[in-house]
Amino acid sequence: MAMSDSGASRLRRQLESGGFEAQLYVKQLSQQSDGDRDLQEHRQRIQALAEETAQNLKRNVYQNYRQFIETAREISYLESEMYQLSHLLTEQKSSLESIPLTLLPAAAAAAGAAAASGGEEGGGGPGGRDHLRGQVGFFPTPGVASRDSSGPGEEGKYRTLTTLLEKVEGCRHLLETPGKYLVYNGDLVEYEADHMAQLQRVHGFLMNDSLLVATWLPQRRGMYRYDALYPLDRLAVINVKDNPPMKDMFKLLMFPESRIFQAENAKIKREWLEVLEETKRALGEKRRRDQEEAAAPRGPPQVTSKTSNPFEDEEEKEPALPEVEEETVDLSMEWIQELPEDLDVCIAQRDFEGAVDLLDKLNIYLEDKPSPPPVKELRAKVDERVRQLTEVLMFELSPGRSLRGGPKATRRAVSQLIRLGQCTKACELFLRNRAAAVHTAIRQLRIEGATLLYIHKLCHVFFTSLLETAREFEIDFAGTDSGCYSAFVVWARSAMAMFVDAFSKQVFDSKESLSTAAECVKVAKEHCQQLGDIGLDLTFIIHALLVKDIQGALHSYKEIIIEATKHRNSEEMWRRMNLMTPEALGKLKEEMKSCGVSTFEQYTGDDCWVNLSYTVVAFTKQTMGFLEEALKLYFPELHMVLLESLVEIILVAVQHVDYSLRCEQDPEKKSFIRQNASFLYETVLPVVEKRFEEGVGKPAKQLQDLRNASRLIRVNPESTTSVV
């Protein structure tokens, strides 16, 4: 039902008011509503308002995000210009600082000569002091001597790095890192790994501890944009064999990512490979030296000698010894020294279980032990490997990975994430992976010409996948937090919504017949009930998701029957049926028997005649067919919809018979009409009422009232009482 603008605005103001109370609102709505239909209509109005609000929110978020992107781009340009300005100021400052260093000897000589001259002339009079004061600009500024004492090489490297990185947008944080300097840089061309298609031009900046890759900005000459930064200790360099026309290439491996670059020529490629290996080797040696220095035992503290006092309490001499022992943790064992490297090897070889076993072994060893600086340093290194291992395991569960192998293929990564204490993340990624698998399976399912055949395949694929996922979830997350099970139930509902969407498009959107739709829904419900074997009952979910489509199908088919009945009524001549052949009469008897009309024999006569009109017989078959198909679709939420549709269909025939009895003047035809009315009221309506009660499980008062009202026509055919 469409909602008027005034009604929508009034409802919106009511829900947005500051004093809105949901419980009071629902209570008043329940008291004022007139049956289930009124509540459903109000629910639709609220749903429409919610969808409108969601669309407005999406529109505002998109607009704000676009403005944010534009603002960020402008800030990036301004930042680049500020870098350039800073670089110019730095160069000018360096130039000014180099002037006194260059001219200092000459200035000193001049000052000495002036002093000598002044001494001869006036003994250091005002003229000499004024001359020195005039040369004060040539003295070095504070800090220049100390900075130059570190060596011109490091200063030059730092300035070179600053000069180059100021041309790269988005890498300001690199300039703030102490001890970083440029080793090598040059232009490269990146290629796509699978098809070897050229991707983009890049510029590589090799620093003493990392490799920066920046992309060209074609609209800004000589400027780059930050693309990626790879630490050298996690970077593997592989020479790519020349295979014309692809040559002068090398590959960088950063698990699980890899990139291929092409140098300008073979010489530059060789330089890249050599300098990368040398820089990695130098970085490893430096860190090894730092580790050895940190792990080296310190000598005992110097204690000043004191005169022995025979009366001194011995207990006062001992308290420092236990504290020194508590602060000491033995990390000299070989497996501990090699633990970070062993973890790197396990991660590279995808030995996830071995990596987690090493971590457990270390945690058990360090349990209840103090944390002196060497232990903290070791834990920092191990934590970095744990982060890498977690990222690799999360990548294994990402939807972008291959979905072959079913849910069991995820068990390895899930179990190791749980051991690492990432149970919630493992649950989220597992369910996201399975959602992608279900979506892919449904999308790849071939749509057959026969709807029922497609639905059989769809139900088999979906419910089999759902059952396998539930069993694997029970195995992987047994004994974990119960919140994971709640997440699984939410996921199952979203997966069911995905299934119902594909189901409805094929069954209801294509306007299939009610019998086909009923058979398809029956198949889906049977598959859904099989999940009850593992304690997963999703029947109520599929009912809730299908109720709207089934209501529409029942309403459409009801209208078709009513229109057909009205058309037959308009051409009614109230004549007996002549089926012409015994075979046709036998077929009709079987059809009426299948409809539940067991007393149809008494209405048949000799020579293939039936003492009923064609309209009443056709109405009986069509109504009973509608009831049988509707009962296949039945669930409690559809009770009133089905009952009201059935009453509307029956009223069309009842009112037509009532009208014919009151209007017909021919006694013979009137007697025939009364015979058809008797068949309709005493045979058809009781059969409908009984079959409805059998299919639903409880009697229908509306059908009883309709049959009782029809009794007035049989008692007093001349009555003008309506059965409506």
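Residues numbered from 1 in each chain as written. Predicted model: local features only at pLDDT ≥ 70, side-chain atom pairs only at ≥ 80, totals over all residues. Heavy atoms only, no water.

1. Section: the overall build of the chain
Defined as follows: To qualify as a helix, a DSSP run of H or I must reach at least 4 residues; to qualify as a strand, a run of E must reach at least 2; elements of each kind are numbered from the N terminus. The rule is simple: take the accessible area with a 1.4 Å probe, protein chains only, and divide by the maximum for that residue type; under 20% is buried, over 50% is exposed, in between is partly exposed. By definition, residues are in contact when any of their heavy atoms lie within 4.5 Å. Accessible surface area values rest on a Shrake-Rupley calculation with a 1.4 Å probe, where residue burial reflects the displayed protein chains alone.
Within the chain one finds 24 helices and 10 strands. Looking at the chain residue by residue over its 724 residues, the buried ones come to 36%. Across the chain, contacts joining residues at least 24 apart in sequence account for 65% of those joining residues at least 6 apart. Total accessible area on the chain is roughly 43,200 Å²; 53% of this is exposed by carbon and sulfur atoms.

2. A closer look at the sheet that holds strand β2 (residues 182-191)
Convention followed: Strands pair, by our definition, only if DSSP identifies at least two bridges between them. Angular values range over 0 to 180 degrees, each being the angle between N-to-C directions of two axes fitted as lines to C-alpha atoms, with helices fitted over their stretch in contact.
On the basis of which strands lie adjacent, the open sheet formed by eight strands has the order β1-β5-β4-β3-β2-β8-β7-β6 and mixed pairing. Unpaired on one side and paired on the other, β1 (168-169) and β6 (236-240) mark the two borders of the sheet. In terms of strand pairing, strand β7 (residues 249-254) meets strand β8 (residues 257-262) through six bridges, oriented antiparallel. The partner of Leu 252 across the bridge, within β8, is Arg 259. Across the sheet, helix α8 (residues 266-295) touches β2, β3 (198-207), β4 (210-216), β6 and β7, and the angle it forms with β2 is around 130°.

3. Here we look at the pattern of salt bridges
We count it as follows: Salt bridges are defined as contacts in which a side-chain nitrogen from Lys or Arg sits within 4 Å of a carboxyl oxygen from Asp or Glu.
Counted under the stated rule, the structure contains 29 salt bridges. Its salt-bridge partner being Glu 377, residue Lys 381 comes within 4.0 Å of it at the nearest N-O pair. With Lys 381 and Glu 377 both in helix α13 (residues 373-396) and four residues apart, this pair spans about one turn of that helix. Glu 377 gets classed as partly exposed once you look at its relative accessible area, which sits at 30%. When the shortest N-O distance is used, the salt bridge between Lys 558 and Glu 559 registers 3.4 Å. For Glu 559, a relative accessible area of 29% gives the class partly exposed.

4. Points about the packing of aromatic side chains
Condition: Each Phe, Tyr or Trp ring (for Trp, its six-membered ring) is paired with any other whose centre lies within 6.5 Å, and the angle between the two planes then decides the class: stacked below 30 degrees, edge-to-face above 60, tilted in between.
For the structure shown, the criterion picks out 20 aromatic pairs. Residues Phe 473 and Tyr 485 carry aromatic rings whose centres are separated by 5.4 Å and whose planes lie at 85° to one another, so their mutual orientation is edge-to-face. A residue pair is termed long-range when its members are at least 10 positions apart, and Phe 473 in helix α16 (residues 451-476) and Tyr 485 in helix α17 (residues 483-507) qualify at 12 residues. Here the aromatic rings of Phe 499 and Phe 503 are separated by 5.8 Å at their centres, their planes lie at 40°, and the arrangement is tilted. Placement of both Phe 499 and Phe 503 in helix α17 is noted, with a separation of four residues, approximately one turn of the helix.

5. Let's talk about the pairing of β3
One ladder, built from nine bridges, connects β2 with β3; its direction is antiparallel. Note that in β3 the partner of Val 189 across the bridge is Arg 201. Joining the antiparallel neighbours β2 and β3 is a turn of six residues, in which Met 196 adopts a positive phi near 55°. For β3 and β4, the ladder comprises five bridges, and the chain directions are antiparallel. Within β4, the residue paired with Leu 206 across the bridge is Leu 211.

6. Quick word on the side chain of Asn 611
The line we're drawing: Polar contacts, as used here, are pairs of N or O atoms within 3.5 Å; protein pairs need one atom able to donate a hydrogen and one able to accept it. Residues neighboring in sequence count only if both atoms are side-chain atoms.
Note on placement: Asn 611 falls in the loop between β10 (609-610) and α21 (614-632). A polar side-chain atom of Asn 611 sits 3.0 Å from a polar atom in the side chain of Arg 576. Those residues in contact with Asn 611, other than ones at most four positions away along the chain, are Arg 576, Tyr 603, Thr 604, Phe 672 and Gln 675.

7. As for the packing of α16 against helix α18 (residues 514-530)
Defined as follows: Orientation categories follow fixed angle ranges, with anything under 35 degrees roughly parallel, anything over 145 roughly antiparallel, 65 to 115 roughly perpendicular, and all other angles oblique. Crossing handedness is read from the near helix: turned anticlockwise from the far helix by less than a right angle, it gives a left-handed crossing, and turned clockwise, a right-handed one. All residues other than Ala, Val, Leu, Ile, Met, Phe, Trp, Tyr, Cys, Pro, Asp, Glu, Lys and Arg, Gly among them, are scored as polar; the first ten of these are nonpolar and the last four charged.
Two numbers describe how α16 lies on α18: the axes approach to 10 Å, and their chain directions differ by 15°. Accordingly, the angle class assigned to the pair α16 and α18 is roughly parallel. The crossing of α16 and α18 is right-handed. Touching Thr 451, Leu 452, Ile 455, His 456, Cys 459, His 460 and Phe 463 of α16 are Thr 516, Glu 519, Cys 520, Val 523, Ala 524, His 527 and Cys 528, all from α18. Classifying every residue of the contact of α16 with α18 by side-chain character gives eight nonpolar, five polar and one charged.

8. Section: unusual backbone geometry
Excluding glycine, a negative phi dihedral is what most residues carry, and trans is how most peptide bonds are arranged. Of note in this structure, Asp 368 is not a glycine but carries a positive phi near 65°. Along the chain, Asp 368 turns up in the loop between α12 (352-366) and α13. Despite not being glycine, Trp 574 shows a phi value in the positive range, around 50°. Here Trp 574 is to be found in the loop between α19 (539-570) and β9 (577-578).

9. What about a negative patch on the surface?
The test is simple: Each patch is built from residues lacking any salt bridge and having more than 30% relative accessible area; the joining distance is 9 Å for like charges and 5 Å for nonpolar side chains (Val, Leu, Ile, Met, Phe, Trp, Tyr). Residues scored as positive are Lys and Arg, those scored as negative are Asp and Glu, and His as well as the terminal groups of each chain are ignored. Charged groups are reduced to one reference atom each: NZ for lysine, CZ for arginine, CG for aspartic acid, CD for glutamic acid.
Together, Glu 271, Glu 274, Glu 277 and Glu 278 make up a negatively charged patch on the protein surface. Summarising the element assignment, Glu 271 is placed in helix α8. In this structure Glu 271 comes out as partly exposed when scored by relative accessible area, which is 30%.

10. So, the environment of Lys 690
By secondary structure assignment, the location of Lys 690 is in helix α23 (residues 667-696). Linking Lys 690 and Gly 596, residues 94 residues apart in sequence, is a C-alpha distance of 9.6 Å.

11. A short note on the environment of Asp 344
Structurally, Asp 344 can be placed in helix α11 (residues 339-348). Using a relative accessible area of 27% as the deciding quantity, one classes Asp 344 as partly exposed. C-alpha of Asp 344 to C-alpha of Arg 385: the two residues are 41 residues apart in sequence and 7.1 Å apart in space. Asp 344 has contacts with Arg 385 and Gln 388, leaving out every residue within four places of it along the chain.

12. Concerning the nonpolar core
Side chains of a nonpolar character, in soluble globular proteins, are inclined to be buried together. Short version of the rule: As used here, the term nonpolar core means buried Ala, Val, Leu, Ile, Met, Phe, Trp, Tyr and Cys residues forming a set that is joined through side-chain atoms within 4.5 Å.
Core analysis: the biggest nonpolar cluster contains 127 residues, and Met 496, Phe 499 and Phe 503 have the highest contact counts within it. Residue contacts for Met 496: discarding those within four places in its chain leaves Phe 462, Phe 463, Cys 528, Leu 538, Ile 541, Ile 542 and Leu 545. Leu 188, Leu 235, Val 237 and Val 275 belong to the second-largest nonpolar core, a separate cluster that totals 21 residues.

13. Regarding the pairing of β4
Counting buried residues in β4 gives six out of seven residues, a clear majority hidden from the surface. Connecting β3 to the next strand, β4, in antiparallel fashion are two residues. The pairing of β4 with strand β5 (residues 224-231) spans seven bridges and is classified as antiparallel. Across the sheet, the residue bridging to Ala 214 is Tyr 226, located in β5.

14. Some words on the confidence of the model for the chain
The criterion, for reference: One confidence number per residue, pLDDT, is output by the predictor and ranges from 0 to 100.
The predicted model of the chain has a mean per-residue pLDDT of 78, with 79% of residues at 70 or higher. Per-element confidence in the chain is highest for β2, whose mean pLDDT is 91, and lowest for helix α5 (residues 144-149), whose mean pLDDT is 32. In the predicted structure, residues 301-318 sits below a pLDDT of 50 and forms one contact with residues beyond four places in sequence or in another chain.

15. Quick word on the state of the cysteines
We count it as follows: Two cysteine sulfur atoms form a disulfide, by the criterion used here, when they sit within 2.5 Å.
All chains considered together, the criterion is met by zero disulfides. In this structure Cys 520 is not part of a disulfide, and its nearest cysteine sulfur, from Cys 459, lies 8.1 Å away. For Cys 520, a relative accessible area of 0% translates into the label buried.

16. Concerning the packing of α13 against helix α14 (residues 411-419)
The interhelical angle for the contact between α13 and α14, taken along N-to-C directions, is 145°, at an axis separation of 9 Å. Relative to α14, the crossing made by α13 is left-handed. Counted together, Thr 390, Leu 393, Met 394 and Glu 396 of α13 and Ala 413, Gln 416 and Leu 417 of α14 form the full contact between these two elements. Of the residues assigned to the contact of α13 with α14, the class counts are four nonpolar, two polar and one charged.

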